[in-house]
Amino acid sequence: RSLGPLAACALSAPPHMSARKRPLEVGTTPRSVAAALRSLEDGLPWDDVRASWQYKQRKWVEDTLGLENGGEADGADEVVQIAKLTRELHQAIKPAALSEWLRPGSLPLAAWRKRLGSGS
């Protein structure tokens, strides 16, 4: 199943990241989006994530790798899992490290969350 342009928007790297660390191309399959999410997370400096991420990061990486390697999720379940992983990573990043349109209180953020299915 294809995720379309939402995947590219959701995976835009923070502006301070070097071009070398930015995902250059994101495919539209859940596996390729999971790989891009993992690449994005791997490129984040620890200073840009909340302290609580150190306790959640290992499970998040395991879940992402499971999806990337074709785990048990299939079809629509993969899309739901990608949305969950994307929300978790977004919540782990400190607001100051996010692009302006993804910061709390932003109208585009509300639309983005709704499209990810969080309803918040």
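Refer to the preceding data block for the structure.
Quick notes on the rules
Residues numbered from 1 in each chain as written. Predicted model: local features only at pLDDT ≥ 70, side-chain atom pairs only at ≥ 80, totals over all residues. Heavy atoms only, no water. Salt bridge = Lys/Arg side-chain N within 4 Å of Asp/Glu carboxyl O. Helix = DSSP H or I, 4+ residues; strand = E, 2+ residues; numbered from the N terminus. Buried < 20%, exposed > 50% of the residue type's maximum accessible area, 1.4 Å probe, protein only. Core = buried A, V, L, I, M, F, W, Y, C linked by side-chain atoms within 4.5 Å. Contact = heavy atoms within 4.5 Å. Axes fitted to C-alpha atoms, helices over the stretch in contact; angles between N-to-C directions. Parallel < 35°, antiparallel > 145°, perpendicular 65-115°, else oblique. Left-handed = near helix turned anticlockwise from the far one by under 90°. Nonpolar A, V, L, I, M, F, W, Y, C, P; charged D, E, K, R; others polar.

A short note on the pattern of salt bridges
Pairing between side chains becomes possible if they bear opposite charge and their charged atoms approach one another. Counted by the stated rule, this structure contains three salt bridges. As a salt-bridge pair, glutamate 68 and arginine 38 come within 2.7 Å of each other at their nearest N and O atoms. Residue glutamate 68 is located in helix H3 (residues 53-68), and its partner arginine 38 is located in helix H2 (residues 30-43); the two are separated by 30 residues in the primary sequence. Its relative accessible area of 28% is what places arginine 38 among the partly exposed residues. In this structure, lysine 59 engages aspartate 63 in a salt bridge whose closest nitrogen and oxygen atoms are separated by 2.9 Å.

What to know about the nonpolar core
Counting residues in hydrophobic clusters, the biggest one holds 22 residues, and the most contacted among them are Leu37, Trp53, Trp60, Ile82, Leu89 and Ile93. When residues of this core are traced back to their parent elements, those giving at least two are H2, H3, helix H4 (76-92) and helix H5 (107-116). No other element matches H4, which puts five residues into this core. If we skip the residues at most four places from it in the chain, isoleucine 93 touches Leu44, Asp48, Val49, Arg50 and Leu98.

Digging into the packing of H3 against H4
One can describe the packing of H3 onto H4 by two numbers: an axis separation of 11 Å at closest approach and a directional angle of 155°. With respect to H4, the element H3 is oriented roughly antiparallel. As H3 runs across H4, the sense of the crossing is left-handed. Residues Trp53, Trp60, Asp63, Thr64 and Leu67 of H3 lie in contact with H4, whose contacting residues are Glu78, Gln81, Ile82, Lys84, Leu85, Glu88, Leu89 and Ala92. When its residues are assigned to classes, the contact of H3 with H4 shows seven nonpolar, two polar and four charged.

Function-wise, these values are silent; they only describe arrangement.
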